[in-house]
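Listed below, chain by chain, are the residues.
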Amino acid sequence: MTPKNNLPKKENNFYETERLLIRLISLEDADIILELYNMPNFIKFIGDKNIKTLSDAENYIKNRFLPQIERSGFGNYLIILKEGNQKIGAVGIFEREGLDVVDIGFSVLEKFEGKGLMFEAAKKIKSIGMDEFGLKKISAITTKDNSSSQKLIERLGLKFQKYVTLPNEDEELMYYETTD
């Protein structure tokens, strides 16, 4: 999964939507990762990643996000609200063990839920993945009881395909994929 046309990876490249700035995640974003990954709904729907300190968050970025970004040019992106220049969440396209198609995932601080911001960000990242990186398909997974994620995934144009269980996991997840 190399960038389309072997385009060089652009360092510190910002993407923009009507209300958001979006850029690849970096070590300086450990604060928002710590906050996002400890929200009750994140732990409930995505899982406890055992990130309890800023150092844990930095290590997670260094060991989980940066290697994929180096390898493929895309990965997890920070979402910044233009108004107030505030970090509000993350959205990414991930190479996930147990899935043949890259997976789009997202999380947002609770006070920014329900405002359409994650759809705006995820729509932009989906188009970047397909248009700039030449991805033919994108998938998404979510728990059976996460109806807000299911709705967002469907609004992105992904269709439910089947139930899957990822390696070393017990929970059966809903698997969605872009269709031609």
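Along each chain, residue indices are assigned from 1 in the same order as the chain's sequence is written. For this predicted model, a pLDDT threshold of at least 70 governs which residues receive local features, and a threshold of 80 or more governs which side-chain atom pairs are given and counted, while totals over whole chains, interfaces and linings are taken from all residues. Only hydrogens and water are removed before side-chain values are computed, so all heavy atoms of the structure are retained for them.

## Here we look at the overall build of the protein
Put simply, DSSP marks the helices as runs of H or I at least four residues long and the strands as runs of E at least two long, and each gets a number from the N terminus on. Per the secondary structure count, the protein includes five helices and eight strands. Each helix and strand of the protein, ordered N terminal to C terminal, gives the series β-β-α-α-α-β-β-β-α-β-α-β-β. Just to be clear, the radius of gyration here is over C-alpha atoms, and the globule rule we use is 2.2 Å times residues to the power 0.38. Here the C-alpha radius of gyration of the protein, 15 Å, is about what a compact globule of 180 residues would show, namely 16 Å. Each principal axis of the C-alpha distribution contributes one length, and for the protein these read about 40 × 40 × 30 Å. Taken over 180 residues, the protein has a buried fraction of 48%. The long-range fraction of contacts in the protein, counting pairs at least 24 apart against all pairs at least 6 apart in sequence, stands at 62%. In these tables, accessible area is a Shrake-Rupley quantity obtained with a 1.4 Å probe, and a residue counts as shielded only by the protein chains included in the view. Just so you have it, the protein exposes about 9800 Å², and 46% of that area is on carbon and sulfur atoms. Think of it this way: Lys and Arg go in the positive column, Asp and Glu in the negative one, and His and the chain ends go nowhere. A single reference atom marks each charge: NZ on Lys, CZ on Arg, CG on Asp, CD on Glu. Here the protein contributes 26 positively and 29 negatively charged side chains, and the mean placements of these two sets differ by 4 Å. Only protein chains enter the accessibility calculation, which uses a 1.4 Å probe. A residue is then buried if its area is under 20% of the maximum for its type, exposed if over 50%, and partly exposed in between. It only takes one pair of heavy atoms within 4.5 Å for two residues to be counted as in contact.

## Structural notes on helix 4 (residues 117-132)
To estimate how far a helix should extend, the number of its residues minus one is multiplied by 1.5 Å. Compared with the 22 Å implied by 1.5 Å per residue over 16 residues, the 22 Å span of helix 4 between its first and last C-alpha is a close match. Where helix 4 terminates, the next one or two residues include G134, which has phi positive at roughly 70 degrees.

## Examining the environment of Q161
With respect to the helices and strands, Q161 occurs in strand 7 (residues 158-164). The class of Q161 is partly exposed, set by a relative accessible area of 39%. C-alpha of Q161 to C-alpha of K151: the two residues are ten residues apart in sequence and 15 Å apart in space. Excluding residues that lie within four positions of it along the chain, Q161 makes contacts with Y175, Y176, E177 and T179. A distance of 3.2 Å separates a polar atom in the side chain of Q161 from the backbone oxygen of K159. Here a polar contact means two N or O atoms within 3.5 Å. Within protein one must be a hydrogen donor candidate and the other an acceptor candidate, and residues neighboring in sequence count only if both atoms are side-chain atoms.

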